Amino acid sequence: MAFWEEKTLEQMSTAEWEALCDGCGRCCLIKLEDEDTGTLITSDVRCQLLDGDTCACTDYPNRQTKVPDCIKLTIDNVREIPWIPVTCAYRRMAEGKGLAWWHPLVSGDPNTVVDVGVSVKGRTFLETEVDPETWEEHAVDWPEYEPPEVL
Ligand code: SF4
Ligand code: SF4
């Protein structure tokens with residue numbers, strides 16, 4: 001049985017915890033705050049360290065030094081941060097849903113997370129190349145959907 005099927009988040013090793021990420025890149029998008037309501041809106045602007053094609057952090061070991069507001073997901077905060085997408089592997093595990101069929105660990109194919117539209121690959125703009133005056137135009141209602149069981 002695979003480790004994600006027999007272990008809880010609490011029981012996983014550091015390597016297993018890290019392997020759980022599906023690489024969608026959605027948690028590395030800049031959040032915009034509605035000044036009137038305080039509501040956080042996700043944008044299509046990516047963190048300066050996120051590679052827009054691989055959706056990987058380009059300096060993962062030093063990410064919190066270089067990007068002070070980079071949030072390190074933990075067993076505790078993954079249950080508390082409201083903007084973690086419903087598709088996120090950590091959130092799914094915390095909610096007892098297990099990994100979806102399109103998760104690369106399950107499918108064996110790193111592209112299935114792209115094929116179902118969960119990945120932000122090729123759909124974002126780099127933070128340092130976006131005029132702050134235009135950020136409101138980058139508010140994106142990324143789908144909070146559960147991809148279909150099969151495509
Ligand atoms: S949203 Fe979750 S699964 Fe996607 S990149 Fe972030 S931590 Fe990984
Ligand atoms: S520093 Fe890296 S892990 Fe943190 S938000 Fe930016 S790209 Fe994502």
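As a starting point, this report considers the structure included with it. Since the structure is predicted, the reported quantities are computational estimates derived from the model, not experimental observations.

Quick look at the environment of Leu49 now. Along the chain, Leu49 turns up in the loop between strand E2 (40–46) and helix H3 (63–66). Apart from the residues lying within four places of it in its own chain, the contact partners of Leu49 are Cys57, Thr58, Asp59, Arg63, Lys66 and Val67.

Along the chain, the position of Cys55 falls in the loop between E2 and H3. When the C-alpha atoms of Cys55 and Cys28 are compared, they prove to be 8.7 Å apart, with 27 residues separating the residues in sequence. With sequence-adjacent residues up to four places away left out, Cys55 is seen in contact with Gly23, Cys24, Gly25, Leu50, Ser119, Val120 and Lys121.

A separate point is the site of ligand 1. If you check the shell around ligand 1, you find Cys21, Asp22, Gly23, Cys24, Gly25, Arg26, Cys27, Leu73, Pro85, Cys88, Ala89 and Tyr90 and nothing else. Across the shell around ligand 1, the residue classes break down as eight nonpolar, two polar and two charged.

With that out of the way, let us pick up the site of ligand 2. Surrounding ligand 2, one finds Cys28, Cys47, Leu49, Leu50, Cys57, Arg63, Val67 and Cys70. Counted by class, the shell around ligand 2 contains seven nonpolar, no polar and one charged residues.

Spatial ordering of the open sheet is given by E1-E2-E3, a layout of three strands whose pairing is mixed. Every other strand in the sheet has two partners, leaving strand E1 (29–33) and strand E3 (125–126) as the edge strands with one partner each. The sheet contact formed by E2 and E3 spans two bridges and is parallel. Bridging across to E3, Arg46 finds its partner in Leu126.

As defined by bridge partners, E1 adjoins E2 across four bridges and the pair is classed as antiparallel. Bridge pairing in E2 places Leu32 opposite Ile41. Taken together, E1 and the strand that follows it, E2, pair antiparallel across an intervening segment of six residues, in which Gly38 is found at a positive phi of about 80°.

Parameters at a glance
Residues numbered from 1 in each chain as written. Chains lettered and ligands numbered in written order. Predicted model: local features only at pLDDT ≥ 70, side-chain atom pairs only at ≥ 80, totals over all residues. Helix = DSSP H or I, 4+ residues; strand = E, 2+ residues; numbered from the N terminus. Contact = placed C-beta atoms within 7 Å. Near = placed C-beta within 6 Å. Nonpolar A, V, L, I, M, F, W, Y, C, P; charged D, E, K, R; others polar. Pairing = 2+ DSSP bridges.

Purely geometric stuff here, so don't read any function into it on its own.
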